[in-house]
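# Geometric and topological summary
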Amino acid sequence: MSQVLQSQYSGQRVDTGSKWYTLFQKGVELGTWNVEKLFEEIGFEQDRESWQRLSQNERDQIRYLISGFLDGEREVAGDAATNLQRIMGAPCLDGNTEKEMYMTMLTLTEHKHTQFLDVYMQEVMDDRDNYNDLDPRRGARIPVVQATGLGEVFEHQGLLTAKAANTLDPVDIAKAATNYHLNVEGILARVGASAISRFPERADFPLLNYAFKFVSTDEGRHITHGIELLKELIEKEEAGDPQFQGVKQGIIETLYQDVPYMADFGYMFTDALDDPLELDFNEVLMRGGNLIDGMYNETLGLDVDYMEVLNVVRDRYLEINEWDIKQRVHEQEQHYQRKRGVAADGGI
Ligand SMILES: [Fe+2]
Ligand SMILES: [Fe+2]
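Before going into details, it helps to say that this report is about the structure given with it. (Residues numbered from 1 in each chain as written. Chains lettered and ligands numbered in written order. Predicted model: local features only at pLDDT ≥ 70, side-chain atom pairs only at ≥ 80, totals over all residues. Heavy atoms only, no water.)

### Regarding the overall build of the protein chain
Note the cut-off: Numbering of helices and strands starts at the N terminus; helices are DSSP runs of H or I of at least 4 residues and strands are runs of E of at least 2. The cut-offs for exposure are 20% and 50% of the maximum accessible area for each residue type, with area from a 1.4 Å probe on protein chains only; residues under the lower value are buried, those over the upper are exposed, and the others partly exposed. Counting rule for charge: Lys and Arg are taken as positive, Asp and Glu as negative, and neither His nor the chain ends is counted. The atom standing in for a charge is NZ when the residue is Lys, CZ when it is Arg, CG when it is Asp and CD when it is Glu.
Helix and strand counts for the protein chain stand at 13 helices and zero strands. The order of α-helices and β-strands along the protein chain, N terminus first, is α-α-α-α-α-α-α-α-α-α-α-α-α. With the C-alpha coordinates aligned to their principal axes, the bounding extent of the protein chain is approximately 55 × 50 × 45 Å. A total of 348 residues make up the protein chain; the buried ones form 54% of that total. Between the averaged position of the 34 positive side-chain charges in the protein chain and that of its 61 negative side-chain charges there is a distance of 3 Å.

Written out as C-alpha cells, the structure is:
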C-alpha cells in the first residue's frame, strides 16, 4: 500500500504541498477501516464471553470508561460536522480549502468511532446506560458522564466550538481547538485508550482492542491537526498581528478551565470503584501530566506550570473524594427514569 506523504501532482484550487493536504491524504488512505467489516471479521463472541466472566465491579469500571468514550465520540462527531467545519473556513486562517478537506476526514472518522462504540455497547454489554430516546436529536448523555465532570468538558466543547464558529475570531478558535484537540482528544482520549489497551491483562476483548488500534491511529491525526492549527495561530500572534493577540493566553485559560473536570475521568474509574482492573489513579495522573507537558510546553512552546496543574487536580480530587459516585449515577438514572415517565404520558 503506497502512502502519499508528498504529492507529485499539482492543482489550481487545491494546494497539494499543504500539510493539511497531506493529512487529508493520510485520512483517505489510513482512515478507511470499515466498522461493519470489523464486526464480521472478528465477531462479538469472544468479547461477550469475556464480559460475562467479569465481576460486577470490573464491569462497572469498564462500562464507565467506554461510556465516556461513547458520549465523547458522539459529541466530537457532532461538533466536527457543524462548528469545526465552519471554523476551517475562517478568513483569519490560511489554506482554508485544504483545512476544510481535512475536516471532512476528521468528521468521518469520529462518526465511525461513535458507530463502533454504540453497537459494541449494545451487543456486548447491555443497554442499561442508554437513554438516547430522551433526546432524539442528539441523545441524552450516559448517567456517569452526566453526573461527573466529563459532561462539563463536553459541554464546554459545545460552547467553545459554537462561539468560534459564530465569531470566527482567532482567540475563540484557539480556545475551541485547545478544548477539542488537546484536552478531549490529546489527553482524555489518549489516557482512556491506554487504559483500554491494558484490558488484555485481565480479560480478552479482541474486537474492542482491534478497533481501538484504529481509533488511536485516527486520533493521532486529529491531534496533529489541532497542534498545527494552534501553531499557526501562535505564530501569527508572535509576529505581532493585532487580530491574534491573546491566543496563547486563551489556550492556557482553556487548559485551566478543563483540568479539574478532566481529573474526574481519572478518579471515576480508579479509587472511587476500588480500581478492580488496577488501572492505578497515580499512573493515570502521571500520564495526563506528561501529555500536558509534551503538548503545551514542548510542542507549542508555552509555559504551563506543571505543579500548578497538579494542584488544580488535587483540589478537585479532594472535592470529589467526598462523592459517592454510585449514588450520583443512581440519582441521574432515577432522573432519567422520571423523564421517561413524563415523556411516555406526554407530561400530563
Ligand atoms: Fe474519536
Ligand atoms: Fe478525534
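### Quick notes on the coordination of the iron ion (ligand 2)
The reference angle at a metal is 109.5 degrees if four donors form a tetrahedron and 90 or 180 degrees if six donors form an octahedron. Put simply, the rule reads: Only nitrogen, oxygen and sulfur atoms qualify as donors, and only when within 2.8 Å of the metal (3.2 Å in the case of Na, K and Ca); with water excluded, sites may look incomplete.
Summarising the metal site, the iron ion (ligand 2) is bound by the protein donors Glu110 (OE), Glu185 (OE), Glu219 (OE), Glu219 (OE) and His222 (ND1), whose distances to it range over 1.9 to 2.7 Å. Mapped onto the sequence, the residues coordinating the iron ion (ligand 2) show the spacing E-x74-E-x33-E-x2-H. A distance of 3.5 Å spans the gap from the iron ion (ligand 2) to the iron ion (ligand 1), which glutamate 110 bridges by coordinating each metal. Residue glutamate 110 is found in helix H5 (residues 96-124), and its partner glutamate 185 is found in helix H8 (residues 170-196); the two are separated by 75 residues along the sequence. Accessibility assignment for this pair places glutamate 110 and glutamate 185 in one class, buried.

### A closer look at the pattern of salt bridges
Heads up, the condition is: Basic side-chain nitrogens of Lys or Arg form a salt bridge, by our definition, when they fall within 4 Å of a carboxyl oxygen of Asp or Glu.
Applying the stated criterion across every chain, the model contains 21 salt bridges. The residue glutamate 155 makes a salt bridge to arginine 141 at a minimum N-O spacing of 3.1 Å. Taken together, the positions of glutamate 155 in helix H7 (residues 149-167) and arginine 141 in the loop between H5 and helix H6 (143-146) put the pair 14 residues apart, joining distant regions of the chain. Look at arginine 141 and you get buried, because its relative accessible area is 10%. One salt bridge connects glutamate 232 with lysine 236, and the closest N-O pair in it is separated by 3.5 Å. Here glutamate 232 pairs with lysine 236, and both are found in helix H9 (residues 206-238), just four residues apart, close to one helical turn. Among the residues examined, glutamate 232 registers a relative accessible area of 11% and is labelled buried. Each member of the salt-bridge network shares a partner with another, and the members are Arg74, Glu75, Arg141 and Glu155.

### Here's the deal with the environment of lysine 19
By the element assignment, lysine 19 lies in helix H1 (residues 19-30). Expressed as a C-alpha distance, the spacing of lysine 19 and glutamate 110, which sit 91 residues apart in the sequence, is 21 Å.

### Quick look at the environment of glutamate 41
Position of glutamate 41 relative to the elements: it lies in helix H2 (residues 35-42). In sequence terms glutamate 41 and leucine 207 are 166 residues apart; their C-alpha atoms lie 9.2 Å from each other.

### Overview of the nonpolar core
Quick reminder of the rule: What we call a nonpolar core is a set of buried Ala, Val, Leu, Ile, Met, Phe, Trp, Tyr and Cys residues that are connected through their side-chain atoms within 4.5 Å.
The biggest cluster of nonpolar side chains holds 102 residues, and the ones touching the most others in it are Ile62, Phe116, Phe205, Leu208 and Tyr296. Considering every element that reaches this core, the biggest residue donor is H8, with 15 residues.

### Some points on H9
Operational definition: Expected span, for any helix, means 1.5 Å times one less than how many residues it has.
Here H9 is 33 residues long and its end C-alpha atoms lie 48 Å apart, about the 48 Å a rise of 1.5 Å per residue gives. Directly after H9, the chain includes glycine 240, whose backbone phi takes a positive value near 95 degrees.

### Description of helix H11 (residues 281-299)
In a regular helix each residue adds 1.5 Å, so 19 residues correspond to 27 Å; H11 covers 26 Å between its end C-alpha atoms and thus fits that length. Within H11 the residues assigned to the buried category are Phe281, Val284, Gly288, Gly289, Leu291, Ile292, Gly294, Met295, Tyr296 and Asn297.

### With respect to the packing of aromatic side chains
Short version of the rule: Only rings of Phe, Tyr and Trp enter the pairing, Trp through its six-membered ring, and a pair is recorded when the two centres are within 6.5 Å. The plane angle decides the type: under 30 degrees is stacked, over 60 is edge-to-face, the rest tilted. Only lysine NZ and arginine CZ atoms are considered, and such an atom sits over a ring when it is within 6 Å of the ring centre and within 35 degrees of the ring normal.
In this structure the tally under the stated criterion is eight aromatic pairs. Seen in terms of ring centroids, tryptophan 33 and phenylalanine 214 are 4.9 Å apart; in terms of plane orientation they differ by 10 degrees. Their pairing is stacked. With a gap of 181 residues between them, tryptophan 33 in the loop between H1 and H2 and phenylalanine 214 in helix H9 connect regions that are remote in the sequence. Plain terms: the ring middles of tyrosine 210 and phenylalanine 214 are 5.8 Å apart, the flat faces sit at 65 degrees to each other, and that makes the pair edge-to-face. Of this pair, tyrosine 210 and phenylalanine 214 both sit in helix H9, four residues apart, which is roughly one turn of the helix. Take tyrosine 210: its relative accessible area is 45%, and that puts it in the partly exposed class. An aromatic cluster is present here, built from Phe39, Phe44, Phe116 and Tyr120 joined pairwise through their rings. Its guanidinium or amino end placed over the ring of tryptophan 20, lysine 99 lies 4.1 Å from that ring's centre, counting from NZ or CZ. The ring of tryptophan 323 is capped by arginine 328, whose NZ or CZ atom sits 3.5 Å from the centre of that ring.

Treat this as a map of the structure, not an account of what it does.
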